[in-house]
Amino acid sequence: LVPAFTYTFKVQVWAASSLSSSGEAGSASITFATNVPPSMGACVSEPSSGLNLQTIFRLVCRDWTDADLPLSYKFQLTKRLAISQAISATATHSSNNLNSSTSTFVDLSQFQKVDSITTVLPRAPAPDSNLTLIRSIISDNLGAESYVFVAVNITLPESSSSEEIAASLELSADSGDYLSFAIGSLGASSFLKSEEGRSNTSQARGLRKKVLSLLDAGDFVELDTVGAITVVDEMTDVSNTEEFDEDLEQLALSVLSKVPSKLSSSLSGSAARGIASSATTAVENLLSASKALTPAAVSSSSLSSQSSAGMAAVLSNLSSLLVSNAVPGENAQEVGGANLRISSRVLSSASITGSALSTTGGVSVLFPDLEGNGITSDVMLGIISLKGSSLFPRPNSTSKTGGLTIIEVKDAESRKKIPI
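Residues numbered from 1 in each chain as written. Predicted model: local features only at pLDDT ≥ 70, side-chain atom pairs only at ≥ 80, totals over all residues. Heavy atoms only, no water.

Draft legend 1. Fine view of the overall build of the protein. Summing up its helical and strand segments, the protein has 10 helices and 16 strands in all. With 420 residues in all, the protein has 47% of them scored as buried. Total accessible area on the protein is roughly 19500 Å²; 52% of this is exposed by carbon and sulfur atoms. (Helix = DSSP H or I, 4+ residues; strand = E, 2+ residues; numbered from the N terminus. Buried < 20%, exposed > 50% of the residue type's maximum accessible area, 1.4 Å probe, protein only. Areas by Shrake-Rupley, 256 points an atom, 1.4 Å probe, with all protein chains shown as cover.)

Structure below.
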């Protein structure tokens, strides 16, 4: 329903014996107005510019009003969000037009009653932009939200080192402050994309491994899950393939394998699908980076098999996450890009016979009669279509162009695999 609109719902009832238009009918209606989100305020950064991971910024929202008090405030970093989208969303105090598959938000705070936070900020992890976008969320007591985007100009210090950045990240991880860790990791990514960061391949690779090893060893919780996925995404986003090796690949897989276990069973279906989408993007990035692993770079066939098994397990978990809280008969959910598509659906065992599940990549599966094989529970169907990775090379070939299709049937409640 659209905020700040008035709706009328009407129901008419006819007796079963008089369904014609001339028959007697009873009716009832209800009219209500939808909640209006907070309005009239502004959000700013003080100062509006500074240095990567050094300047202390105060992010503050002022003068917001609403009938349903008290208000709560949340601040996030944005990633993969076009400036034009942010300007449009800010102008309307709405983010309804934002595409969750092309934008990622990393928490700087939880919802709080205080209208400001102080924090360091990372430079945008892109070589051609100094603008870091902050999303401020202002929520009333009934959950209606307004959004404001603030652009902060952040540059790299004249002198930075991978050792200093690694030391700072280690302090955040040791203290269990994974919000600060995520911020610092994005700052590390900015450094790695700078001329100085790219000047020493060995140090750059070492910093990437350090970041992921700290994350893998820590205990990030549900609040930081998207942040953890974003860190993996950034640390495996390499333009120089010499910065990527199998150790880095293993660390990334280890972190991604932990994502579903960090999520509570009460997580909404839409939130779970958003996390599945973000994680799938990170996996696809990892697949792209894995093309750098020539046969000479892979230390042994057993490690290559370990990588393939690890990736298959991660993808299987994401397939289940994609249909969290779904009910039988809902439309299939699909996420992914050119080299990876995951499609999942929940059906009753009675309706599965002859049902087809497809991906936009052209893979389609017709499922068999499960009830005839003694399976009567609701089931989850999943297709994972993947190509172009050294993690899944073609047998008896040194080609780096591989591919895999995983077809799964799981018990919809327990998520245990059902053999078919």
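Still more ground to cover, so stick around.
Draft legend 2. A look at helix 6 (residues 225–235). In terms of residue burial, helix 6 counts as a mostly covered element, since 10 of its 11 residues are buried. By the burial criterion, the buried members of helix 6 are T225, G227, A228, I229, T230, V231, V232, D233, E234 and M235.

Draft legend 3. Representation of the state of the cysteines in the model. Within the structure shown, the criterion is met by 1 disulfide. Each sulfur of the disulfide joining C43 and C61 lies 2.2 Å from the other. The sign of the 105° torsion about the S-S bond sets the C43-C61 disulfide as right-handed. Here C43, found in strand 3 (residues 42–46), pairs with C61, found in strand 5 (residues 57–62); they are 18 residues apart in sequence, far enough to count as distant. For the residue pair C43 and C61, the accessibility class agrees, reading buried in each case. (Disulfide = S-S within 2.5 Å.)

Draft legend 4. Molecular detail of the side chain of S344. Tracing the backbone shows S344 in strand 12 (residues 340–347). A distance of 2.8 Å separates polar atoms of two side chains, one belonging to S344 and the other to S319. Once residues lying within four places of it in the same chain are set aside, the contact partners of S344 are S319, L322, V323, A332, Q333, L357, M380, L381 and G382. (Polar contact = N/O pair within 3.5 Å; in protein donor to acceptor, adjacent residues only side chain to side chain. Contact = heavy atoms within 4.5 Å.)

Draft legend 5. Region of interest: the pattern of salt bridges. One pass over the structure, following the stated rule, counts 12 salt bridges. Across the pair E170 and K210 runs a salt bridge whose closest N-O atoms are separated by 3.5 Å. With E170 in helix 2 (residues 162–174) and K210 in helix 5 (residues 201–217), the pair connects residues that are 40 residues apart, well separated along the chain. Given a relative accessible area of 31%, E170 falls into the partly exposed group. (Salt bridge = Lys/Arg side-chain N within 4 Å of Asp/Glu carboxyl O.)

Draft legend 6. Structural view of the sheet that holds strand 3. Read across the sheet, 3 strands follow the order 3-5-8 without closing on themselves; strand pairing throughout is antiparallel. The open sheet has two free edges, formed respectively by strand 3 and strand 8 (116–119), since each of these has just one partner strand. Put simply, the sheet's adjacent strands are angled 15° from each other on average, direction ignored. The pairing of strand 3 with strand 5 spans 5 bridges and is antiparallel. Each residue of the ladder has a partner; that of E46, found in strand 5, is R58. (Pairing = 2+ DSSP bridges. Axes fitted to C-alpha atoms, helices over the stretch in contact; angles between N-to-C directions.)

Draft legend 7. Structural detail: the packing of helix 5 against helix 6. The interhelical angle for the contact between helix 5 and helix 6, taken along N-to-C directions, is 160°, at an axis separation of 10 Å. With respect to each other, helix 5 and helix 6 are oriented roughly antiparallel. Every pair of crossing elements has a handedness; the one defined by helix 5 and helix 6 is left-handed. Between helix 5 and helix 6, the residues in contact are R208, V211, L212 and L215 and A228, V231, V232, E234 and M235, respectively. Looking at the contact of helix 5 with helix 6 residue by residue, the classes come out as 7 nonpolar, no polar and 2 charged. (Parallel < 35°, antiparallel > 145°, perpendicular 65-115°, else oblique. Left-handed = near helix turned anticlockwise from the far one by under 90°. Nonpolar A, V, L, I, M, F, W, Y, C, P; charged D, E, K, R; others polar.)

Draft legend 8. Examining the pairing of strand 5 more closely. With 4 bridges connecting them, strand 5 and strand 8 associate as antiparallel partners. Residue pairing for strand 8: V60 is matched across the bridge by S116.

Draft legend 9. Geometry of the environment of T118. Assignment of secondary structure puts T118 in strand 8. Sequence separation between T118 and L59 is 59 residues; the distance between their C-alpha atoms is 6.3 Å. Beyond its immediate chain neighbours, meaning those up to four positions away, T118 contacts I56, F57 and R58.

Draft legend 10. Structural context of the packing of aromatic side chains. Summed over the entire model, instances satisfying the criterion amount to 4 aromatic pairs. Here F5 and Y7 contribute two aromatic rings whose centre-to-centre distance is 6.3 Å and whose plane-to-plane angle is 35°, an arrangement assigned as tilted. Residue F5 is classed as partly exposed on the basis of its relative accessible area of 46%. Linked through ring pairs, F5, Y7, F9 and F32 together constitute an aromatic cluster. Residue placement shows R135 over the ring face of F105; its charged tip is 3.6 Å from the ring centre. (Phe/Tyr/Trp six-rings, centres within 6.5 Å; stacked < 30°, edge-to-face > 60°. Lys NZ or Arg CZ within 6 Å of the ring centre and 35° of its normal.)

Scope: geometric values only; no functional claims are made or implied.
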